[in-house]
Amino acid sequence: MSRDILRPDEEGHYCREAHELDCASHRANAAGTHPLDESAERMALAETRRRFFARGARGIGALALATLLGEERAAAAPVVNGPAVGGLPGLPHFPPKAKRCIYLHLVGAPPQMETFDYKPKLDAMFDKDLPDSIRQGQRLTTMTSGQTRFPIAPSVFKFAQYGKSGAWISELLPYTAKMADDIAIIKSLHTEAINHEPAITFFQTGFMIAGRPCIGSWISYGLGSMNQNLPTFVVLQAKHYNPKANVQAISARLWSAGFLSGQYSGVTLRSSGDPVLFLNNPEGVTAPVRRRMLDGLAEMNQLTYQKFGDPETKTRIAQYEMAFRMQASVPELTNVREEPASTWKMYGEDARNKPGSFAQTCLMARRLVERGVRFVQVYHRGWDVHGLLPAVLPTQCKEIDQPCWALVQDLKQRGLLDDTLVILAGEFGRTVYCQGKLTHTDYGRDHHPRCFSLWMAGGGIKGGVVHGETDDFSYNIVKDPVHVRDFQATILHQFGIDHDRFSYKHQGLDVRLTGQEKAYVVKEILV
């Protein structure tokens, strides 16, 4: 027999025949009596430095596993103000007001005339044509470009003033009205996109074409993680329950890291079944077995990295390790049964009884930021009210109104609101004119990019503020316009980031979230 089979290769690995001989010798001979004793000693002496450290890494992994299993509760405990790990040197550029963000996106675009942009003069203009001087030849969607008329449709819902700013808020949002002094309402947002996919993509990534990093990925890349056991950036999709609601599709492109490393992509938590697919061990696979498997996989990936130098291989290793830690942290995170009765009273019974409801999703968002997750993106669909607006919009608003109020109050009572930015926004506004048939009890509204509303709270945002004004038709901005780029620059600013100095070299360009055109921080709404 050739002694060469007993020698390790240049990577420190022994061939299959050597392992078979070793097993056969143990089966056939008592310890210390088999004929390969001398060779075994040489094999031990021939162990390479790389092989030694590889085995040592597995031993360290076993110790880490023991720590995780022995201190599972401590490992999953909330980490609210942990030091950031993995961010860029030099960031933040200045002291931040916000450490975390919960971004609630209403997919489909809620109508500003039924929520925050009160236009009482429209009541006397029911079914009159929108003046050409107001429309100014604005681009229309194909859904209304063929209409012979553009009849004005006043809102059927009542408004009242609330808070120290006297903000006009719709009767559809009574809980939001109660926190008028906690939020800043911007009524002068505008964009160029007129259809959902490019508009949402623009809001999330600063570019209308998919492929760029989203805002959660940018912040994760720049500032790093504040916890060891959960992703930096988490995505939640809330359910809606009105069967008549018009639903817009969304995809993972909205929470993609684009040209950044895949480790900065959003991680989706599901509302039913396993929160994260394939996170739990298969039946019969114990935690120690999983640990050994991951150690072996890490070793192979490390060899791949040394051979090809692809940084995504390092990302893959880190993601496997994060998944292992999440086996302990996610069950604790999603176990809401231990929440006190006051939580259910605050968020409403949907939070307890309807998994995946907007109410439960807001509660989960609070639990995530409480545990050190830096960016939580929530999507709620069903807001594309091209028709049946008076029948659909009240249920949509009811689903989000109390949970939004509860989230802000919950963060406040826990001392988290001061450095947690909360945002409620759609991707554009809706037209003052009716799409389709107009009656006193039924109407719909088309897409409108020229003006729309959103609110922000916490994280250094000044409460009790109303910023911007539109004309009597809620069609054009007449004071303090805020572009989507300005909105994005303001978010980055609250995290201590100067948007002009925060870029990534890609295809020869210094790419920024806010793009190449000038963007301005909306300082009027800041503390």
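Note that the structure is predicted; figures quoted are calculated from it, not measured. (Residues numbered from 1 in each chain as written. Predicted model: local features only at pLDDT ≥ 70, side-chain atom pairs only at ≥ 80, totals over all residues. Heavy atoms only, no water.)

1. A word on the side chain of Gln 147
- On the secondary structure map, Gln 147 appears in the loop between helix 5 (132-135) and strand 3 (159-162).
- Within the structure, Gln 147 has its side chain in polar contact with the backbone oxygen of Cys 434 (distance 3.3 Å).
- Engagement of the side chain of Gln 147 in a polar contact is seen with the backbone nitrogen of Gly 436, the distance being 3.0 Å.
- What Gln 147 contacts, discounting residues up to four positions off in sequence, is Cys 434, Gln 435 and Gly 436. (Helix = DSSP H or I, 4+ residues; strand = E, 2+ residues; numbered from the N terminus. Polar contact = N/O pair within 3.5 Å; in protein donor to acceptor, adjacent residues only side chain to side chain. Contact = heavy atoms within 4.5 Å.)

2. Comments concerning unusual backbone geometry
- Here Leu 91 and Pro 92 are connected by a cis peptide whose omega angle stands at 0 degrees.
- Examined against the element boundaries, Pro 92 turns out to sit in the loop between strand 1 (85-86) and strand 2 (100-106).
- The phi dihedral of Ala 109 falls on the positive side, at around 80 degrees, and the residue is not glycine.
- Along the chain, Ala 109 falls in the loop between strand 2 and helix 5.
- Despite not being glycine, Ser 474 has its phi angle at roughly 50 degrees, a positive value.
- If you trace the backbone, Ser 474 turns up in the loop between strand 15 (469-470) and strand 16 (477-479).

3. Describing the pattern of salt bridges
- Taken as a whole, this structure holds 24 salt bridges when the rule is applied.
- Between Asp 419 and Arg 100 there is a salt bridge, with the nearest N and O atoms lying 2.3 Å from each other. Here Arg 100 lies in strand 2 and Asp 419 lies in the loop between helix 14 (389-413) and strand 10 (420-425), a separation of 319 residues in the sequence. We note that Asp 419, like Arg 100, is buried.
- With a closest N to O distance of 3.8 Å, Lys 187 and Asp 117 form a salt bridge. Of this pair, Lys 187 sits in strand 5 (residues 183-190) while Asp 117 is found in the loop between strand 2 and helix 5, placing the two residues 70 residues apart along the sequence. Pair check on accessibility: Lys 187 and Asp 117 agree, each one buried. (Salt bridge = Lys/Arg side-chain N within 4 Å of Asp/Glu carboxyl O. Buried < 20%, exposed > 50% of the residue type's maximum accessible area, 1.4 Å probe, protein only.)

4. Side note on the confidence of the model for the chain
- Averaged over the chain, the pLDDT score is 87; the fraction of residues at 70 or greater is 83%.
- Here residues 43-80 scores under 50 on pLDDT; set against residues more than four positions off or in separate chains, the count is 50 contacts. (pLDDT = per-residue confidence, 0-100.)

5. Focus: helix 13 (residues 358-370)
- Between its first and last C-alpha atoms helix 13 spans 18 Å; for 13 residues at 1.5 Å apiece the expected length is 18 Å, and the two agree.
- One or two residues past the end of helix 13 sits Gly 372, with phi positive at roughly 95 degrees. (Expected span 1.5 Å × (residues − 1).)

6. Some points on empty space enclosed by the protein
- Counting across every chain of the model gives four cavities of 30 Å³ or more.
- For the largest cavity, the calculated volume is near 110 Å³.
- Every element with two or more residues in the lining of the largest cavity is listed here: helix 14, strand 10 and strand 13 (452-457).
- With three residues, strand 13 is the largest single contributor of residues to the lining of the largest cavity.
- Here the lining of the largest cavity is built from residues that sort into 11 nonpolar, three polar and no charged. (1 Å grid on protein atoms, 1.4 Å probe; cavity = no way out; pocket = protein on both sides within 12 Å on 5 of 7 lines; lining within 4 Å. Points joined across faces, edges and corners; volume = space filled by probe spheres on them. Nonpolar A, V, L, I, M, F, W, Y, C, P; charged D, E, K, R; others polar.)

7. Some words on the packing of aromatic side chains
- For the structure on display, the rule yields 17 aromatic pairs.
- On the numbers, 6.1 Å between centres and 85 degrees between planes, the contact of Tyr 103 with Phe 487 is edge-to-face. Highlighted residues: Tyr 103 in strand 2 and Phe 487 in helix 15 (residues 484-494), separated in sequence by 384 residues.
- Ring centres of Trp 218 and Phe 502 lie 5.3 Å apart, and the angle between their planes is 70 degrees; this geometry places the pair in the edge-to-face category. With Trp 218 in helix 8 (residues 215-223) and Phe 502 in the loop between helix 15 and strand 18 (504-506), this residue pair connects regions lying 284 residues apart in the sequence.
- Judged by relative accessible area, which is 3%, Phe 502 ranks as buried.
- By the ring-pair criterion, three or more aromatic residues cluster together here, those being Trp 218, Tyr 221, Phe 259, Tyr 264, Phe 502 and Tyr 504. (Phe/Tyr/Trp six-rings, centres within 6.5 Å; stacked < 30°, edge-to-face > 60°.)

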